[in-house]
Amino acid sequence: MKFFNKIEEWVGGTLLFIVFLILCAQVIARQIFDSPLIWSEELARLLFIYVSMFGISMAVRSQQHIYLDFITNLMPPKVKKATNTFVQLLIFASIIIFIHLGFKVWIGASFELVALEISDKWLYAAQAFISLLVLIRFLQAQTENFANQTSYLSATVFTIGAVILLALLFFVPDVFKVLRISQYVKLGDNAVYVVLLVWLVIMFLGTPVGWSLFIATLLYFSMTRWNIANSAANKLVDSLNSFSLLSVPFFILTGILMNGGGITERIFSFAKALLGHYTGGMGHVNIGASLLFSGMSGSAIADAGGLGQLEIKAMRDAGYDDDISGGITAASCIIGPLVPPSISMIIYGVIANQSIAKLFVAGFVPGVLITIALMTMNYFVSKKRGYPRTPKASMAELCTSFKSSIWAILTPIIIIGGIFSGMFTPTEAAVVAVAYSIIVSRFVYKELTLKLLFNSCVEAVAITGVTVLMVMTVTFFGDMIAREQVAMRLAEMFMAVADSPLTVLVMINLLLLFLGMFIDALALQFLVLPMLIPIAQHFGIDLIFFGVMTLLNMMIGILTPPMGMALFVVARVGNMSVSTVTKGVLPFLVPIFITLILITIFPEIITFIPNLLMPN
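Residues numbered from 1 in each chain as written. Predicted model: local features only at pLDDT ≥ 70, side-chain atom pairs only at ≥ 80, totals over all residues. Heavy atoms only, no water.

(A) Representation of the overall build of the chain within the structure. Counting its regular elements, the chain contains 27 helices and two strands. Residue burial in the chain is summarised as follows: out of 616 residues, 57% are buried. Carbon and sulfur atoms make up 68% of the accessible area of the chain, which totals about 25500 Å². (Helix = DSSP H or I, 4+ residues; strand = E, 2+ residues; numbered from the N terminus. Buried < 20%, exposed > 50% of the residue type's maximum accessible area, 1.4 Å probe, protein only. Areas by Shrake-Rupley, 256 points an atom, 1.4 Å probe, with all protein chains shown as cover.)

(B) The arrangement of the packing of helix H22 (residues 501-516) against helix H24 (residues 543-557) in detail. Taken N-terminus to C-terminus, the directions of H22 and H24 make an angle of 30 degrees; their axes are 8 Å apart at the nearest point. In terms of orientation, H22 and H24 fall into the roughly parallel class. The interaxial crossing formed by H22 with H24 has right-handed handedness. In contact with Leu505, Ile508, Asn509, Leu512, Leu513 and Gly516 of H22, H24 contributes Phe545, Phe546, Met549, Thr550, Asn553, Met554, Ile556 and Gly557. Across the contact of H22 with H24, the residue classes break down as nine nonpolar, five polar and no charged. (Axes fitted to C-alpha atoms, helices over the stretch in contact; angles between N-to-C directions. Parallel < 35°, antiparallel > 145°, perpendicular 65-115°, else oblique. Left-handed = near helix turned anticlockwise from the far one by under 90°. Contact = heavy atoms within 4.5 Å. Nonpolar A, V, L, I, M, F, W, Y, C, P; charged D, E, K, R; others polar.)

(C) Spatial organisation of a nonpolar patch on the surface. A cluster of nonpolar side chains, Leu502, Val506, Leu510, Ile597, Leu598, Ile601 and Phe602, forms an exposed patch at the surface whose accessible area comes to about 620 Å². Of all elements in the fold, only H22 and helix H26 (578-601) reach the threshold of two or more residues within the nonpolar patch. Looking at Leu502, the relative accessible area reads 40%, which means it is partly exposed. (Patch = residues over 30% accessible without salt bridge, like charges linked within 9 Å, V, L, I, M, F, W, Y side chains within 5 Å. Salt bridge = Lys/Arg side-chain N within 4 Å of Asp/Glu carboxyl O.)

(D) Representation of unusual backbone geometry. Positioned with a positive phi, Glu117 is a non-glycine residue whose angle comes to about 55 degrees. With respect to the helices and strands, the residue Glu117 is situated in the loop between strand S1 (112-113) and strand S2 (118-119). Classification of Glu117 as exposed rests on a relative accessible area of 61%.

(E) Here's a closer look at the packing of aromatic side chains. Following the criterion strictly, the structure yields 17 aromatic pairs and no others. Each ring, one from Trp10 and one from Phe454, has its centre 4.7 Å from the other, and the planes form 35 degrees; the classification is tilted. Of this pair, Trp10 sits in helix H1 (residues 2-31) while Phe454 sits in helix H20 (residues 450-483), placing them 444 residues apart in sequence. What links up through ring pairs into an aromatic cluster is the set Phe98, Trp211, Phe214, Tyr220, Phe221 and Phe476. One residue, Lys121, lies across the ring of Trp106, its end atom 5.6 Å from the ring centre. For the cation-ring pair, Arg442 lies above Phe443, with the distance from its terminal atom to the ring centre recorded as 5.8 Å. (Phe/Tyr/Trp six-rings, centres within 6.5 Å; stacked < 30°, edge-to-face > 60°. Lys NZ or Arg CZ within 6 Å of the ring centre and 35° of its normal.)

(F) Structural context of helix H27 (residues 604-613). Among all positions in H27, only Ile606, Thr607 and Pro610 are buried. Summarising the axial view, the buried residues of H27 lie within an arc of 75 degrees, below the 170-degree limit, and thus occupy one face. Set apart from the buried face of H27 by more than 90 degrees, the exposed residues are Glu604, Phe608, Leu612 and Leu613. Buried residues in H27 make contact with helix H16 (356-362), helix H17 (364-385), H24 and H26. (Arc of directions from axis to C-beta.)

(G) Molecular detail of the side chain of Thr607. Mapped onto the elements, Thr607 comes out in helix H27. Assessed through its relative accessible area of 10%, Thr607 is described here as buried. Apart from the residues within four sequence positions on either side, Thr607 is in contact with Asp542 and Phe545.

Right under this line is the structure:
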């Protein structure tokens, strides 16, 4: 199986780097030579689909896909084992049908990619053929879960089953007739409610969110008209054929390079020299460093994982208790997705079809408000507990730390300045950020090697795979939502109890805060927003404001148990219990909630600057 490991790593990592080079050439050709490359964007999108499929394979192999486990963790061992076996069978069946639909779409493809002048079969071949590798990786994961004879027997059974099922699907097309529930039971308009109930059950039993969406949609088509599944299957690949979505792996790669290239430590040193001597100084340093780092990674978890260990160690050394050290680290990491560049805002922009540049601008004010609010609470907590202040840095020390970190601090300025000046798009900005990170880490700080660069590309592909599977399946799932007008039905329910946009916003806030306690922020963004966005439109709510408000809700979710992802990450990097981090984060939830209430009541706080700078 090492052969397949190397295939994924070399091909996936190399393809991502090739896409990077293509987009670099696009920026240079357009900006320097004023001669745009007609083919570059289409080729980059095509290769990105292949990169995404390799990422899905990596995530299946390492079982990194997002799933909900707080219910299964409460089960007795035997029940939990039986439930896990059931879930694995569901995933196995999903992958088989995923392969089948991939080949159906690939065979039926008959159009041309205009700029490249090649058949769009090349576009759909990614799902058709690389999903076979996904199946192999799934079988490998099953074999390695338990290194015993029973495991190998299970893997053998899965393999034989895969061969038989694939043979049936390809050579006996009518086999699906047996699976068409509609020929046994006529559910009519109730089919969608049954599907949603089944979806919730299998998701809370531990089925990865992406696969649960796929399974639910297949169940819906089997209850209504299976032939629709074949036409809707195009959306699985088409959902990735997006230039905006291309920015996601490159902002992820930027964060990884920042962590590995010595930039993170320099950001922290500068924040310490600037803020360490105030009351609650190391807490302020923690929050300030998160604000600076957020301008590069765009990810809360990247912030918590990248800066967390460094921040917690520094606070412990300065005499801070573990609960406050962990609590501030977790709370401050939510600044990342608010301050541009933001991966979450890119995904929202793709889902809601909104300007990503405008969303980036809209995140500035709430990001700064959260920073000020957290620093204020940190001041009072630190004063009450009597935490010491670090010696004030001299002007020479401040200048030295600033000089050392200036290259890192320039990153968000280059990204945002380039977007708003019109020099490059958000996707090109992500590519420029990667190029800048490579130059700074390799030639200025001299900590980046070619091996580290390649490993960073591979890691970025794997993390991207987790995201793109949900992009694909939520688009597939969205076909069902659109056909059944679920969003309109929800809107009617909201209208029955709401008499103003503010009431609707309060209800949506409460819904998201509740769901955020149980569902990961990324999963929640894919699951709920496609149904809530039409409701916001119906009530005349600005979708730029709505994106920022809902994102802040979801960031609160990663701070609240039982599914608070930031709590788990900080506990791991800080070598402390989750309960300790949870205790420490509670005081900091107060200013965050106040900020959420403030922007909900006064949406102009968010919309004023983007409407002023980008009126159209």
